[in-house]
Amino acid sequence: MQTVHGIAELRTQVMAWRRAGERVALVPTMGNLHRGHIHLVERAREQAPRTVASIFVNPTQFGPNEDYAGYPRTLDADCRQLEAAGLDLLFVPSVTVIYPRPLEEMTQVRVPVLSQVLCGASRPIHFGGVATVVSKLLNLVQPDVALFGEKDWQQLVIIQRMAADLDMPIEIIGIPTVRESDGLAMSSRNGYLSVEERAVAPTLYATLQAMVERWRAGERDYAMLEHEAKARLAAAGFRPDYFEFRRARDLQHPTLEDTELRIFAAAWLGRARLIDNVPVGLA
Ligand code: PAF
């Protein structure tokens, strides 16, 4: 595995592969890798003979009171895992490589509406930062395909919309969430949980699944189900942010005719803000 920090080295290598007619797949990450990320690299290797990953803790997607400074940076361990997974090229840019000018002077990418609901309601600048950095990474690497985890479903649909709206000739693929054996979705932020909180954390997925069962049984009073789910999370020790049935593709509230839905949840447990989502119906 080759590791590069600069744009010129990155482009030289990717261009050589392209000239040889080889497809390229990209897995963007913020590092602190877990099995979910490695699964993305494995799926990427099925998509293309050449795989690139990026590790960049993107300052513009963290709000002023969020965990940018304390976000775990574990580059050596990450490199070992990526090498073992058979990755070809790792791009590790510095903040000045990605943002060479003061941030307030730099072009930004915004995906309205989709970015304002669910996580966007409590993290107003988050998805603008994600869309901006992902568009830069896609322009820098120019992959044929880029892979993202479905745990961040809202991020996935925002990036798909951005790629479509900006006519990027890149396929954006979502990969199903990898879970611990007790159902907890893999996340770098699980590392923030104490032993006691870790024991409670699977309740988030269990509550999502319980609501899927209620939907399957024919219950369609979404407001009542959402209220009940939040009460269940609060009773377990969470501080729920949202728990919502939404249409899977445009993230709008469902009507009774809609069948392609997902249930989305975000809740604080200690200092960890956990998110998860599951398909309902045809989604
Ligand atoms: O999902 C993440 O790790 C980040 O939001 C991403 C897509 C790498 C952009 O910084």
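Per an unreviewed UniProt entry, the protein is named Pantothenate synthetase, and its organism is Candidatus Contendobacter odensis Run_B_J11. Within the UniProt record for the protein, the comment given under Pathway (unreviewed entry) is "Cofactor biosynthesis; (R)-pantothenate biosynthesis; (R)-pantothenate from (R)-pantoate and beta-alanine: step 1/1."

Colleague: What's the story with unusual backbone geometry in this structure? I'm lost.
Modeller: Most peptide bonds take the trans form, and the phi angle of most residues other than glycine is negative. Not every positive phi belongs to a glycine, and L118 is a case in point at roughly 50°. Unusually for a residue other than glycine, Q142 sits at a positive phi of about 50°. Looking at the element boundaries, Q142 is found in the loop between α6 (126–141) and β5 (145–149).

Colleague: Please explain the sheet that holds strand β6 (residues 171–175) as it appears in this structure.
Modeller: Either a parallel or an antiparallel arrangement is found when strands of a sheet pair, and the pairing is made through backbone hydrogen bonds. The strand order across the open sheet built from six strands is β1-β4-β3-β2-β5-β6, with neighbouring strands paired in parallel fashion. The open sheet is flanked by β1 (2–4) and β6, the only strands paired with a single partner. Across this sheet, the average inter-strand angle for adjacent strands is 25°, counted without regard to direction. Docked against the sheet, helix α7 (residues 153–165) engages β5 and β6, running at close to 170° with respect to β6.

Colleague: Got a minute to help me understand the environment of N190 in this structure?
Modeller: Here N190 is to be found in the loop between β6 and α8 (195–200). For N190, a relative accessible area of 12% gives the class buried. Spatially, the C-alpha atom of N190 lies 8.7 Å from that of A201, the residues being 11 residues apart in sequence. Every residue in contact with N190, bar those within four places of it in the chain, is listed here: L184, A185 and L274.

Colleague: Help me understand the packing of aromatic side chains in this model?
Modeller: Aromatic ring pairs are reported here in terms of the distance separating the ring centres and the angle at which the planes meet. Inspection of every chain in the model, using the stated rule, returns four aromatic pairs. Considering the side-chain rings of F62 and Y71, the 5.8 Å spacing of their centres and the 70° angle between planes classify their relative orientation as edge-to-face. Assessed through its relative accessible area of 7%, Y71 is described here as buried. Taken together, a centroid distance of 4.6 Å and an interplanar angle of 35° make the contact between Y222 and F245 tilted.

Colleague: Explain the nonpolar core to me, please; I cannot follow it from the model alone.
Modeller: For soluble globular proteins, the rule of thumb is that nonpolar side chains tend to be buried together. In this structure, L10, V52, L138, M162 and I172 are the most contacted members of the largest nonpolar core, which totals 46 residues. Breaking this core down by element, the ones donating at least two residues are α1 (7–19), β2 (24–29), β4 (89–91), α6, β5, α7 and β8 (260–269). When residues of this core are assigned to their parent elements, the largest contribution, nine residues, is made by α6. When sequence neighbours within four positions are dropped, the list of residues in contact with M162 reads V109, V111, A131, V134, S135, L138 and M168. With 30 residues, the next largest nonpolar core counts A201, F238, A265 and A267 among its residues.

Colleague: Hey, could you run me through empty space enclosed by the protein in this one?
Modeller: To find leftover empty space, one rolls a probe the size of a water molecule over the atoms. Counted under the stated rule, the structure contains one cavity of 30 Å³ or more. Quantified by volume, the largest cavity comes out at close to 40 Å³. A per-element tally of the lining of the largest cavity places strand β9 (residues 272–281) first, with three residues. Considered class by class, the residues forming the lining of the largest cavity number five nonpolar, two polar and two charged.

The rules we used
Residues numbered from 1 in each chain as written. Predicted model: local features only at pLDDT ≥ 70, side-chain atom pairs only at ≥ 80, totals over all residues. Heavy atoms only, no water. UniProt positions renumbered as here; feature names shortened; annotations may be inferred. Helix = DSSP H or I, 4+ residues; strand = E, 2+ residues; numbered from the N terminus. Pairing = 2+ DSSP bridges. Axes fitted to C-alpha atoms, helices over the stretch in contact; angles between N-to-C directions. Contact = heavy atoms within 4.5 Å. Buried < 20%, exposed > 50% of the residue type's maximum accessible area, 1.4 Å probe, protein only. Phe/Tyr/Trp six-rings, centres within 6.5 Å; stacked < 30°, edge-to-face > 60°. Core = buried A, V, L, I, M, F, W, Y, C linked by side-chain atoms within 4.5 Å. 1 Å grid on protein atoms, 1.4 Å probe; cavity = no way out; pocket = protein on both sides within 12 Å on 5 of 7 lines; lining within 4 Å. Points joined across faces, edges and corners; volume = space filled by probe spheres on them. Nonpolar A, V, L, I, M, F, W, Y, C, P; charged D, E, K, R; others polar.

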